[in-house]
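Each chain, letter by letter, is given below.
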Amino acid sequence: MTENEQVVVEEVEQATQEVAAPAPEVGRAPRGRGPRRDSKGGPRRAPRERDAFKETVIAINRVSKTVKGGRHLRFTAIVVIGDNKGKIGFATGKANEVPDAIKKALERARRNLFTVPIIKGDTIPHDVLGNWGATQVFLKKAPDGTGIVAGSAVRSILELAGIKNIYTKLYGSRTPINTVRATINAIQQLRTREQIAALRGKTVSELVGR
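Here's a quick rundown of the structure. None of the values given here were measured: they were computed from a predicted structure. Numbering of residues starts from 1 in every chain and runs along the sequence as written. In view of the model being predicted, local features appear only for residues whose pLDDT reaches at least 70, and side-chain atom pairs are presented and counted only at 80 or more, with totals across whole chains, interfaces and linings using the full set of residues. Note that the side-chain values use all heavy atoms of the structure and ignore hydrogens as well as water.

## Focus: the environment of V98
Quick reminder of the rule: In this description a helix means any DSSP run of H or I spanning at least four residues, a strand means any run of E spanning at least two, and both kinds are numbered starting from the N terminus. Each residue is assigned to one of three classes by its accessible area relative to the maximum for its type, calculated with a 1.4 Å probe on protein chains only: buried under 20%, partly exposed between the two thresholds, exposed over 50%. Contacts: residue pairs with any heavy atoms within 4.5 Å of one another.
Structurally, the position occupied by V98 is in helix α2 (residues 98-111). Of the residues examined, V98 reaches a relative accessible area of 28% and is grouped as partly exposed. Aside from chain neighbours lying at most four places away, what touches V98 is I60 and F75.

## Observations regarding the environment of A91
In this fold, A91 is placed in strand β3 (residues 87-95). A91 sits in the buried class, given a relative accessible area of 5%. When the C-alpha positions of A91 and E107 are compared, they lie 8.4 Å apart, and in sequence the two are 16 residues distant. Aside from chain neighbours lying at most four places away, what touches A91 is A77, I78, V79, A105, R108, A109 and N112.

## What to know about the packing of helix α3 (residues 152-161) against helix α4 (residues 176-188)
Helix-helix packing is described using two parameters, namely the angle between the two axes and the distance between the axes. Operational definition: The angle between two axes is taken between their N-to-C directions and runs from 0 to 180 degrees, where each axis is a line fitted to C-alpha atoms and a helix contributes only its stretch in contact. Should an angle lie under 35 degrees it is considered roughly parallel, over 145 roughly antiparallel, and from 65 to 115 roughly perpendicular; all remaining angles are considered oblique. Each helix crossing is assigned a hand: it is left-handed if the near helix lies turned anticlockwise from the far helix by less than a right angle, otherwise right-handed if that turn is clockwise. Note that Gly is not counted as nonpolar here; it falls among the polar residues with everything else outside the nonpolar set of Ala, Val, Leu, Ile, Met, Phe, Trp, Tyr, Cys and Pro and the charged set of Asp, Glu, Lys and Arg.
Close contact between α3 and α4 brings their axes to 9 Å; oriented N to C, the two are set at 40°. The angle between α3 and α4 places the two elements in the oblique class. Remark: the crossing between α3 and α4 carries right-handed chirality. Across the interface between the two elements, A153, V154, I157 and L158 of α3 pack against T179, V180, T183, I184 and I187 of α4. By residue class, the composition of the contact of α3 with α4 is seven nonpolar, two polar and no charged.

## Quick word on α3
Judged by how many residues are buried, α3 sits mostly within the fold: seven of 10 residues are covered. A153, V154, S156, I157, L158, L160 and A161 are the residues of α3 that are buried. Its buried side turned inward, α3 meets β1 (54-67), β2 (70-82), β3, β7 (148-149), β8 (166-172) and α4. Looking one or two residues past α3, G162 carries a phi angle of roughly 100°, positive in sign.

## Quick notes on the nonpolar core
The following threshold applies: Residue types Ala, Val, Leu, Ile, Met, Phe, Trp, Tyr and Cys, when buried and joined through side-chain atoms within 4.5 Å, form a set referred to as a nonpolar core.
One finds V80, V116, L139, V180 and I187 to be the most contacted residues of the largest nonpolar core, which totals 28 residues. At the level of secondary structure, the elements contributing two or more residues to this core comprise β1, β2, β3, β6 (135-141), α3, β8 and α4. With six residues, the single largest contributor to this core is α3. Not counting the four nearest positions on each side in its chain, I187 is found in contact with F114, V116, L139, I157 and L158.

Right, here's the structure in full:
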């Protein structure tokens, strides 16, 4: 094979290799793992932060209503939520099923949160009497180490609020809804020295006479 023939063979082989090579795809993004998507095709949401609130179901009541076609049964849930650090909320929910009633009550309770004043020793600033209907709840501050002296419904509320030392006394009707509302009424009346001094336009030292 002459030198010229060898050059021609090499050029043919080179052209053949160029034709056999796959042509680069135009307009296609490079391969790679894109954002992960959920079952519905949308982008996956970031994980929710763990809810800091704890909830307690105080009572579940069955409500019966007589209609033309017969009786219509529904359920009412009384729920209290709190973070054990001074925030608490309470609400009721009604639905055809118990889980739905609890869910409604929890959503409403989260919208009705308020702050409970707690002083040194994890107790309340002063004694207070709460009223609702035929129920009265008396709350009395207690020294450190006393614990919560209360019945089941009142105890659940105070524990979720973060109060650890307190005396309580329940008077009158003992229905769960009245007990909860009377306890909430008493807690909402609590004021610290700083809050009372601000309302009166004085300093704390002027208020206590020091």
